[in-house]
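# Overview (structure and organization)
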Amino acid sequence: LALGRRGEADLLLVHSPADEARFVADGFASERVPLMYNHFIIVGPADDPAQVVSAPSAVEALRRIAGAGATWVSRDDASGTDALGRALWEQAAVALPDGQHIRSGQGMGATLRVTDARHAYTLGDRATFLTLRPHLAMEILYPEDAALLNPYSVILVDAARFPAGRIRAEGAAAFAQWLAGPTARQRIESFGTERFGEALFR
């Protein structure tokens, strides 16, 4: 989205709804098209000292992690995942002390590995977790629910906001149309099925 605001991208594939809405409201998008989704999950050690597995909500799961003195790892990288994690902690109305909160400053794969090594908890997306699962000891403890929906959208950057020719609007529109079309839809809905027994995106 920052690249789009600077006119350094023609098309964006993003998953941070609140930030996307601001991008559109600020006039940087000529079109925004919902594309696909998966779910975030809370993962952690198999022995689950915070008893996340029985939590009635994601927010309560975070309160249990805080109350148990367990370690939480956040990406802290301004990603869509990080934005949701911050929002959930705000709803939980709990501030973790520094010793209980590790900020990885890295992507999802690296954050999952740090979490696993530290016997900690984190918010991850199901697709990345399933991809790395053979290399991790931790488990999915709080599965997908409506609060952890992870929607992806395609956004066309508005060429009118930038000097003529800077944004390749025609090519971007053609690619967006293909992404939203039946061929791409079929690939999205089958991607991961053969390897993981379920599609990584829907």
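Check the entry above for the structure.
Starting from 1, residues in each chain are numbered consecutively following that chain's sequence as written. For a predicted model such as this one, the threshold for reporting local features is a pLDDT of at least 70, and the threshold for listing and counting side-chain atom pairs is 80 or more; totals across whole chains, interfaces and linings nevertheless cover every residue. Hydrogen atoms and water are omitted, and side-chain values are computed over all heavy atoms in the structure.

## Some words on the nonpolar core
Within the largest apolar cluster, 23 residues are counted, with the highest numbers of intra-cluster contacts made by Ile42, Val52, Ile65 and Trp72. Strands are runs of DSSP state E lasting at least two residues, helices are runs of H or I lasting at least four, and both sets are numbered from the N terminus onward. Those elements giving two or more residues to this core turn out to be strand S2 (29–44), helix H3 (58–67), helix H4 (80–92), strand S5 (121–125) and strand S6 (139–142). The biggest single contributor to this core is H3, with 6 residues. If near-sequence neighbours (up to four positions away) are discounted, Ile65 is found in contact with Ile42, Ala50, Val52, Ala70, Trp72, Gln100 and Tyr121. Counting residues in hydrophobic clusters, the runner-up holds 14 residues, among them Met36, Ala127, Ile188 and Phe201. Joining through side-chain atoms within 4.5 Å is the link that ties buried Ala, Val, Leu, Ile, Met, Phe, Trp, Tyr and Cys residues into a set, and such a set is a nonpolar core. Relative accessibility decides the category of a residue: with a 1.4 Å probe and only protein chains considered, values under 20% of the type maximum give buried, values over 50% give exposed, and everything between is partly exposed. Contact between two residues is taken to exist if any of their heavy atoms lie within 4.5 Å; hydrogens are not considered.

## A word on unusual backbone geometry
The backbone of Ala78 shows a phi angle near 60°, a positive value even though the residue is not glycine. Mapped onto the fold, Ala78 is located in the loop between strand S3 (72–74) and H4. Owing to a relative accessible area of 71%, Ala78 belongs among the exposed residues under this scheme. Here Ala93, not a glycine, exhibits a phi torsion of approximately 55°, which is positive.

## Overview of the environment of Ala58
Counting through the fold element by element, Ala58 comes out in helix H3. Along the sequence, Ala58 and Glu144 sit 86 residues apart, while their C-alpha atoms lie 9.3 Å from each other. Once residues within four sequence positions are removed from consideration, Ala58 is found in contact with Ile42, Tyr142, Asp145 and Leu148.

## Concerning the environment of Ser190
Mapping Ser190 onto the fold places it in helix H8 (residues 182–190). On the basis of relative accessibility, which here comes to 41%, the residue Ser190 falls in the partly exposed class. Measuring from C-alpha to C-alpha, the distance between Ser190 and Arg6 comes to 35 Å, with 184 residues separating the pair along the chain.

## Notes on the pattern of salt bridges
Any Lys or Arg side-chain nitrogen located within 4 Å of an Asp or Glu carboxyl oxygen qualifies as a salt bridge. Throughout the structure, instances matching the rule amount to 14 salt bridges. Two residues, Asp10 and Arg168, come together in a salt bridge whose shortest N-O distance is 3.0 Å. Taken together, the residues span a long stretch of sequence, with Asp10 in the loop between helix H1 (2–5) and strand S1 (11–14) and Arg168 in the loop between strand S7 (149–157) and helix H7 (169–179) at a distance of 158 residues. Residue classification places Arg168 among the exposed positions, given a relative accessible area of 57%. A salt bridge links Asp76 to Arg86, with the shortest nitrogen-to-oxygen separation between them at 2.6 Å. Of this pair, Asp76 sits in the loop between S3 and H4 while Arg86 sits in helix H4, and the two are 10 residues apart along the sequence. By relative accessible area, Asp76 is classed as partly exposed at 33%.

## Observations concerning the side chain of Ser153
Structurally, Ser153 is set in strand S7. Polar contacts, as used here, are pairs of N or O atoms within 3.5 Å; protein pairs need one atom able to donate a hydrogen and one able to accept it. Residues neighboring in sequence count only if both atoms are side-chain atoms. Polar side-chain contacts of Ser153 include one of 3.2 Å to the side chain of Glu20. Those residues in contact with Ser153, other than ones at most four positions away along the chain, are Leu12, Leu13, Val14, Glu20, Arg32, Val33, Pro34 and Leu35.

Nothing here speaks to function; it is all geometry.
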